[in-house]
Amino acid sequence: MESVKNGVLMRLPTGFKFEPKDEELILHYLRNKVMSRPLPSLIIPEFEICKSDPWDLPGDSEKEKYFFSVNEAIYPNGDIPSRSFGYWKATGIDRQIVASEGNEVILGMMKIFVYYRGMFPNGFETDWFMHQYRMPAPSAAADGSAVNPKKKIKLSKSSDNAAAAMNKNWVLSKIYRKKEAKMRGITVESPLTHEPDHQEESSSTSSSNKV
């Protein structure tokens with residue numbers, strides 16, 4: 001796996017795997033980042049992801065990439081403009097990341113985006129996805145606790161404090177390419193898998209018959 005430090009791409013030791021769960025990303029990375037506390041590892045760099053197309057971001061394009069960034073200005077519908085020729089389109093509603101053990105409390109929020117190539121809002125969908133994690137809004141309810149009346153899940157006190165202490169609107173983004181997805185509006189033909197068309201086949205057949 002590769003990482004970025006001080007703008008320089010770093011290659012991590014062979015066999016190293018970084019596969020954190022949503023809860024771990026928020027508890028051990030995002031929360032510490034917004035509270036200006038030491039991180040367990042410097043594997044997640046700061047990078048302005050909206051300056052580049054996702055395939056041009058540092059790191060291995062075949063693996064998940066993780067970045068800290070200051071939350072960009074967004075369109076009214078939640079989409080994120082890119083300074084390259086494209087934009088990140090929000091899909092669905094925000095998801096609550098809930099603690100897996102102990103009392104059910106909300107640790108943070110996550111939204112899923114799909115990258116569209118072209119000018120907003122008429123771009124075409126690509127196979128690049130982003131999970132963007134952020135701290136929940138401070139004092140989400142009048143008493144600073146209840147934020148999901150259906151499940152009656154409470155806001156983690158430490159997450160509430162972290163959100164309130166933020167001097168920057170830090171988010172953590174996981175960007176990856178969904179291999180089984182197909183890009184719409186684009187036809188890509190590999191020269192290694194090219195098959196002869198019917199005219200070529202018929203021409204070849206007639207030639208062999210003559211011989």
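Residues numbered from 1 in each chain as written. Predicted model: local features only at pLDDT ≥ 70, side-chain atom pairs only at ≥ 80, totals over all residues. Heavy atoms only, no water.

Trainee: I would appreciate a short explanation of the pairing of strand E5 (residues 86-98) in the present structure.
Mentor: In this sheet, E5 lies alongside strand E4 (residues 80-81) in antiparallel orientation, the contact comprising two bridges. Residue Ile80 lies in a different strand from E5, and its bridge partner there is Trp88. Sheet analysis places E5 next to strand E6 (residues 105-117), joined by 10 bridges and oriented antiparallel. Across the sheet, the residue bridging to Ala90 is Phe113, located in E6. (Pairing = 2+ DSSP bridges. Helix = DSSP H or I, 4+ residues; strand = E, 2+ residues; numbered from the N terminus.)

Trainee: Could you clarify how one ought to interpret the pattern of salt bridges in this entry?
Mentor: Any two side chains of opposite charge can pair, on the condition that their charged atoms come close. Per the stated rule, a full pass over the model turns up six salt bridges. The residue Lys51 makes a salt bridge to Glu48 at a minimum N-O spacing of 3.3 Å. In this structure, Arg177 and Asp127 form a salt bridge, with 2.9 Å as the shortest nitrogen-oxygen distance. With Arg177 in strand E10 (residues 170-177) and Asp127 in strand E7 (residues 124-134), this residue pair connects regions lying 50 residues apart in the sequence. (Salt bridge = Lys/Arg side-chain N within 4 Å of Asp/Glu carboxyl O.)

Trainee: Just checking my understanding: could you explain the side chain of Thr126 for this structure?
Mentor: With respect to the helices and strands, the residue Thr126 is situated in strand E7. There is a polar contact of 3.3 Å between the side chain of Thr126 and the backbone nitrogen of Trp128. (Polar contact = N/O pair within 3.5 Å; in protein donor to acceptor, adjacent residues only side chain to side chain.)

Trainee: Explanation requested: the confidence of the model for the chain in the structure shown.
Mentor: When the pLDDT values of the chain are averaged, the result is 73; 60% of them are 70 or greater. Confidence drops under pLDDT 50 across residues 139-153; counting only partners more than four residues distant or on other chains, this segment forms 24 contacts. Scored below 50 in pLDDT, residues 181-205 shows 11 contacts in the model against residues more than four places distant or in partner chains. (pLDDT = per-residue confidence, 0-100. Contact = heavy atoms within 4.5 Å.)

Trainee: Hey, could you run me through the packing of aromatic side chains in this one?
Mentor: How two aromatic rings sit relative to each other is set out by the distance from centre to centre and by the angle between their planes. On inspection of all chains with the given rule, the structure shows eight aromatic pairs. Centroid distance Phe18 to Tyr29: 5.7 Å. Interplanar angle 85 degrees. Geometry classified as edge-to-face. Highlighted residues: Phe18 in the loop between strand E2 (8-11) and helix H1 (22-34) and Tyr29 in helix H1, separated in sequence by 11 residues. An identical accessibility class is assigned to Phe18 and Tyr29; each is buried. Between Trp55 and Tyr115 the ring centres are 5.8 Å apart and the planes differ by 85 degrees, which places this aromatic pair in the edge-to-face class. In this pair, Trp55 is assigned in the loop between H1 and strand E3 (65-70) and Tyr115 in strand E6, connecting sequence segments 60 residues apart. One aromatic cluster is present, formed by Phe18, Tyr29 and Tyr66 through successive ring pairs. (Phe/Tyr/Trp six-rings, centres within 6.5 Å; stacked < 30°, edge-to-face > 60°. Buried < 20%, exposed > 50% of the residue type's maximum accessible area, 1.4 Å probe, protein only.)

Trainee: Even after reading the chapter, I still don't get the environment of Arg177, so can you show me in this structure?
Mentor: Owing to a relative accessible area of 38%, Arg177 belongs among the partly exposed residues under this scheme. Sequence spacing of Arg177 and Thr126 is 51 residues, and the spatial spacing of their C-alpha atoms is 8.8 Å. Filtering out sequence-adjacent residues up to four positions away, Arg177 remains in contact with Ser61, Asp127 and Trp128. A polar contact is formed between the side chain of Arg177 and the side chain of Asp127, at a distance of 2.9 Å.

Trainee: I tried to follow the environment of Lys178 on my own but got confused; where do I start?
Mentor: With respect to the helices and strands, the residue Lys178 is situated in the loop between E10 and helix H3 (198-210). In sequence terms Lys178 and Glu64 are 114 residues apart; their C-alpha atoms lie 9.9 Å from each other. Apart from residues lying up to four places away in sequence, Lys178 is in contact with Asp127 and Phe129.

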